[in-house]
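As a plain string of letters, each chain reads:
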Amino acid sequence: MIWPLFVNCWVPANDPRTGCTVRLHGPVNDRSKIRNKIRNDVDLGSKNTLGLPCIADYFCASADEDELAGAIAWARENKLPVLVLGEGSNLVLPARLNALVLQLTMTGYVVRSAEPDIVDVAAGNDWHQLVTELLAAGWYGLENLALIPGTVGAAPVQNIGAYGVEIERFVHSVRVFDMHTLRWLDMPRADCEFRYRHSIFRQHPQRFMITRVRLRLSRRMQVNDTYGALREELERRGIGQASATQVYDAVVHIRRQKLPDPRLEANVGSFFKNPVVSQLHYELLRQQYPGLVAYPQGADVKLAAGWLIEQAGFKGKSSNGVCMHPRQALVLVNQSGASASDVLAYADSVVAKVESLFGVVLQREPVLVSSDGFCSAA
Ligand SMILES: Cc1cc2nc3c(=O)[nH]c(=O)nc-3n(C[C@H](O)[C@H](O)[C@H](O)COP(=O)(O)OP(=O)(O)OC[C@H]3O[C@@H](n4cnc5c(N)ncnc54)[C@H](O)[C@@H]3O)c2cc1C
């Protein structure tokens, strides 16, 4: 249960539009208090869904924005990189991580009577739980994004998307702490540079800590049920004009059928993005491979990376405890105690074979973290 919060709003305290209580966020001067909250040598093995063994040199979990900002200032003083960790469902972690890892534990959401379609959501909420509760409370739009693992704070980072919908459509603004300037900002959607699996936050993975996401949702049901696999499932259920709840149920059902549960088979969902190629490149490939699975993407064409990987012979092929899933070739699975280097060596072999066959270079979807704490996002 996510309890609606009526504190921690970031509007000015005297804003006449709202009646909500406001905490102001000043600089934290008490460094010793912050240092006491930072733990050493914390095991992140159970905090990443790929199940990679990882020990973080420094770790701090907090629901308090001042404390988090203070911890970042402490890391800066100590010349340490900072990694903001959500549920670790889109990360490849090293065995040893020389960084300060921050976990944001604030939950809840805020709705103001003056703007009933805007829901301010705290970064530490579980995304799927939020989707479920907002739907039950009569806010519509997010149902296509049900069952995507992870936190609310991470959702704008790669502009999560599924079944024809991406979160960018609902983002009004994002509250961030800029770790370069040590200042709080409210970034409107236009400044977030959202694209397919991309945003300014992914572009600069260690610059912004997202503490809240403001979503503009509809109180009127506006259902998006045209995406191929979703429509097929609805038709199989005999549903013509679907309700938001029916879309939610169908999406949850499809995902449970299609994707391995990371609690049972360690994975980070799609390991590669679907590559986008020119129309000419697509036509040439299709002549050679008539079964090629592809979708229009503006003037270009998006290829199904899972199909390319399957054709390259990696579906279910295991090496050093790693394989592409036997039912879903786009999902890389850590079968038994693989390390980050095992995972990356396997992924490199997939990329090389797909490139040699199709002339397409696959890009990794999860963020890669190096042992000196730096993130690289393709
Ligand atoms: C089974 C499975 C299915 C998936 N399906 C989909 C899908 O359909 N669509 C999709 O888009 N993704 C999908 N994913 C990927 C993943 O769920 C999303 O990327 C999710 O948003 C990651 O959330 P997280 O909290 O686990 O982030 P993490 O993995 O912990 O972090 C990912 C990145 O976000 C950064 N980050 C995390 N929190 C914050 C914050 N508060 N502020 C700033 N940066 C932050 C991290 O530093 C890191 O760079 C799937 C993953 C799995 C395991």
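The model shown is predicted, which means the values in this text are computed figures rather than measured ones. (Residues numbered from 1 in each chain as written. Predicted model: local features only at pLDDT ≥ 70, side-chain atom pairs only at ≥ 80, totals over all residues.)

(A) Molecular detail of the domain arrangement of the protein. What the domain assignment lists for the protein is domain 1 (1-221), domain 2 (223-258) and domain 3 (261-376). Each partner contributes to the interface: domain 1 provides 22 residues, whereas domain 3 provides 21 residues. Broken down by secondary-structure element, the contributors of at least two residues to the side of domain 1 that touches domain 3 are strand 4 (91-92) and strand 5 (96-104). (Domains from an automatic or database assignment. Contact = placed C-beta atoms within 7 Å. Helix = DSSP H or I, 4+ residues; strand = E, 2+ residues; numbered from the N terminus.)

(B) Structural detail: the pairing of strand 2 (residues 55-62). Here strand 1 (residues 39-43) runs beside strand 2; their pairing, made up of four bridges, is antiparallel. When the bridges of strand 2 are listed, valine 42 appears paired with alanine 56. Here strand 2 runs beside strand 5; their pairing, made up of seven bridges, is parallel. In the strand pairing of strand 5, cysteine 60 is matched with leucine 102. (Pairing = 2+ DSSP bridges.)

(C) Spotlight on unusual backbone geometry. For glutamate 193, which is not a glycine, the phi torsion comes out positive at approximately 55 degrees. You can call glutamate 193 partly exposed: it has 16 C-beta atoms within 10 Å. Even without being a glycine, asparagine 320 presents a positive backbone phi close to 50 degrees. Relative to the assigned elements, asparagine 320 resides in the loop between strand 17 (318-319) and strand 18 (322-324). (Buried ≥ 20, exposed ≤ 12 C-beta atoms within 10 Å, placed from the backbone.)

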